[in-house]
Amino acid sequence: MAAERLAAALAGNGLKQVLVNAAQGDFAAGERGIAALPGREAEFRSAIERGLDYAAALACPRLHVMAGLAPRAESRPAMSATYLANLAWAADRAAAARVDVLIEPINTRDIAGYFLNRQDEAHAIVAAVGAPNLKVQMDLYHCQIVEGDVATRLRTYLPTGRVGHLQIAGVPERHEPDVGEVNYPYLFDVVDALGWDGWIGCEYRPKAATSAGLGWLRALRSGLLNRP
């Protein structure tokens, strides 16, 4: 959809766009990002430019960049070098537009072979690049599946200032966050105690219609959602 139509829809409904994704390559063919793929640098830069155009039109301050798939273990060194160089270029380009570039560790059950899977890996990459507007998109659903001990991860990484966005979903089915093994009311208390003032994205698959599935949010706001 054209950026202008999206901007009009947001304004007409009193909404803000807080995050957009850069193009992921050939999605229909199975690609899930190109930032770490050697030989695709020109395509990556074009995707960043287009993503920043959308970010500007939508007054959106964050651009998520997907790394891509790592099909062979021996490809990782070359992919790492490409990833770092591409992220440094993207962060520099985005800084002029006052946009944060985000990278997200994703579990390999949802995306088999994805290059970036762990919080410590993502934070090491951000530290290595050293750009203040390169940050981690911390999805607690992916974190629980890959690492667990999510409260400790939050206490470790939120104070660093390197987390640019949080996301949630129920584990393991990726439905509403009040269903599954993760105690989100407890984690929300941890996030509040750490002084997080950013957005928390609800990136889940509703079991039915979207509005019908928001009962958990209404219960949370009214204090009726069970807390420990």
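Above this note sits the structure.
The structure reproduced in this document is the subject of the present report.

Thresholds applied
Residues numbered from 1 in each chain as written. Predicted model: local features only at pLDDT ≥ 70, side-chain atom pairs only at ≥ 80, totals over all residues. Heavy atoms only, no water. Axes fitted to C-alpha atoms, helices over the stretch in contact; angles between N-to-C directions. Helix = DSSP H or I, 4+ residues; strand = E, 2+ residues; numbered from the N terminus. Parallel < 35°, antiparallel > 145°, perpendicular 65-115°, else oblique. Left-handed = near helix turned anticlockwise from the far one by under 90°. Contact = heavy atoms within 4.5 Å. Nonpolar A, V, L, I, M, F, W, Y, C, P; charged D, E, K, R; others polar. Disulfide = S-S within 2.5 Å. Buried < 20%, exposed > 50% of the residue type's maximum accessible area, 1.4 Å probe, protein only. Polar contact = N/O pair within 3.5 Å; in protein donor to acceptor, adjacent residues only side chain to side chain. Core = buried A, V, L, I, M, F, W, Y, C linked by side-chain atoms within 4.5 Å. Arc of directions from axis to C-beta.

### Some remarks on the packing of helix α3 (residues 76–95) against helix α4 (residues 119–129)
Remark: α3 packs on α4, axes separated minimally by 10 Å, with the N-to-C direction vectors making an angle of 60 degrees. As summarised for this structure, α3 and α4 are arranged oblique, according to the angle between their axes. Helix-helix and strand crossings are classified by hand; for α3 and α4 the assignment is right-handed. Between α3 and α4, the residues in contact are Y83, L84, L87 and A88 and I125, A128 and V129, respectively. Residues belonging to the contact of α3 with α4 are distributed by class as follows: seven nonpolar, no polar and no charged.

### Some points on the state of the cysteines
In this structure the tally under the stated criterion is zero disulfides. Of all cysteine sulfurs in the structure, the one in C60 sits closest to C202, which takes part in no disulfide; the separation is 16 Å. On the accessibility criterion, C202 (40% relative accessible area) is partly exposed.

### Points about the environment of R32
Relative to the helices and strands, R32 is located in the loop between β1 (20–21) and α2 (41–57). Taking C-alpha positions, R32 is 6.5 Å from M66, a pair spaced 34 residues apart along the chain. With residues up to four places along the chain from it excluded, the contact list for R32 reads Q24, F27, M66, A67, G68, L69, I111 and Y114. Side-chain polar atoms of R32 contact the backbone oxygen of F27, separated by 3.0 Å.

### Some points on the nonpolar core
Counting 39 residues, the largest nonpolar core has I48, V65, Y83, L87, I103 and L134 as the members making the most contacts within it. Elements with a minimum of two residues in this core: α2, α3, β3 (100–103), α4 and β4 (134–139). Tallying contributions element by element places α3 first for this core, with six residues. With near-sequence residues (within four places) excluded, Y83 lies in contact with A35, A36, A67, I103, F115, L116 and I125. In terms of nonpolar packing, the next biggest core, distinct from the first, is built from 24 residues, M138, C143, V171 and V182 among them.

### Quick look at helix α6 (residues 150–157)
The periodicity of an α-helix, 3.6 residues per turn, causes residues three or four positions apart to be oriented the same way. For α6, every residue scored as buried is listed here: V150, A151, R153, L154 and Y157. The arc enclosing the buried residues of α6, seen along the axis, measures out at 160 degrees, which places them on a common side. In this fold, the buried residues of α6 make contact with α4, β4, α5 (140–146), β5 (163–168) and α7 (184–193).

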